[in-house]
Amino acid sequence: VATATRPDSSVHRVTKTVLGSPPATTTVMTGLTVGLQYSFTVSATSAVGTSAVSAAFGPVTPVFGISITNRSLAEGNSGQKSFSFTVSLTDAQLVPVIVDVATANSTADTGDYLPLATTVTFDPGQRSKTVTVKVLGDTVFEPDEVFVVNLSNNSGGLITTGRGSGIILNDDTNPVVEVAAGNE
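If you're wondering where the values come from, they're calculated on a predicted model, not measured in any experiment.

S.K.: I'd like to hear about unusual backbone geometry, residue by residue, with values.
M.R.: Even without being glycine, asparagine 153 reaches a positive phi, approximately 50°. Following the sequence through the fold, asparagine 153 ends up in the loop between β11 (145-152) and β12 (158-161). On the accessibility criterion, asparagine 153 (58% relative accessible area) is exposed.

Here it is, written out as structure tokens:
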């Protein structure tokens, strides 16, 4: 039995039975909160008796994930279209989490969208934030184009999906060229 006790005295417990020789296992405790100090007790029971080892550990190292979504929309013929991307945490935290967000060209360039470079801050308890990239509409027939939105310089956690793709779908018609027959 592995037990972690938070400073507020709530307990997170994992029980695992291990058979075999030698009886060894690794127990990963999930649900712990980043930045808190825990006391930790491991006890083992065998036919001979029970033994326990206690220790303190912390602060807990973050193991939550930070990710960003993809987005695809038609560009429109004029003005700006908002492409919204969701940046999210796998678990809400008790401390602020900060991550930088920035666009980069792929097949689209800054003539197709307005570059973005910002910092996203998750307040304690928040799990998702939205960042918006403005795409510039036009009437030019062209292939679908892509820009990327990258996550970097995070203050905690592990960036699990660090690149979102913005796919600008062409909504313009292919021009038709008509050639008039000449008089002979």
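S.K.: Describe in detail the nonpolar core, supporting the description with residues and values.
M.R.: Grouped together as the largest cluster of nonpolar side chains are 21 residues, with contacts concentrated most on Ile66, Phe85, Val87 and Phe147. Contributing elements (two or more residues each) for this core: β5 (65-68), β7 (80-89), β8 (97-105), β9 (117-122), β10 (128-136) and β11.

S.K.: Describe the pairing of β11, with residues and values.
M.R.: Counting buried residues in β11 gives six out of eight residues, a clear majority hidden from the surface. Bridging between β8 and β11 involves six bridges; their strand directions are antiparallel. Each bridged residue has a counterpart across the sheet, and for alanine 104 the counterpart in β11 is valine 148. Across six bridges, β11 lies against strand β13 (residues 163-169) in antiparallel orientation. Within the sheet, the bridge partner assigned to asparagine 150 lies in β13 and is arginine 163.

S.K.: A description of the sheet that holds β5 should follow, citing residues and the corresponding values.
M.R.: Spatially, β10-β7-β5-β12 is the arrangement adopted by the four strands of the open sheet, whose pairing is mixed. The open sheet is flanked by β10 and β12, the only strands paired with a single partner. On average, adjacent strands in this sheet sit at an angle of 25° to one another, irrespective of strand direction. Taken together, the three bridges between β5 and β12 define a ladder with parallel strand orientation. Across the sheet, glycine 65 pairs through a bridge with leucine 158, a residue of β12.

S.K.: Would you mind going over the packing of aromatic side chains in detail, with residue names and values included?
M.R.: A ring pair, where both rings are aromatic, is described by two values, the distance of the centres and the angle of the planes. Going through the model one piece at a time under the given rule, you end up with three aromatic pairs. Judged by centre distance (6.0 Å) and plane angle (75°), the ring pair of phenylalanine 85 and phenylalanine 147 falls under edge-to-face. Taken together, the residues span a long stretch of sequence, with phenylalanine 85 in strand β7 and phenylalanine 147 in strand β11 at a distance of 62 residues. Residue classification places phenylalanine 85 among the buried residues on the basis of a relative accessible area of 0%. Judged by centre distance (4.6 Å) and plane angle (25°), the rings of tyrosine 113 and phenylalanine 147 are stacked.

The rules behind these values
- Residues numbered from 1 in each chain as written.
- Predicted model: local features only at pLDDT ≥ 70, side-chain atom pairs only at ≥ 80, totals over all residues.
- Heavy atoms only, no water.
- Helix = DSSP H or I, 4+ residues; strand = E, 2+ residues; numbered from the N terminus.
- Buried < 20%, exposed > 50% of the residue type's maximum accessible area, 1.4 Å probe, protein only.
- Core = buried A, V, L, I, M, F, W, Y, C linked by side-chain atoms within 4.5 Å.
- Pairing = 2+ DSSP bridges.
- Axes fitted to C-alpha atoms, helices over the stretch in contact; angles between N-to-C directions.
- Phe/Tyr/Trp six-rings, centres within 6.5 Å; stacked < 30°, edge-to-face > 60°.

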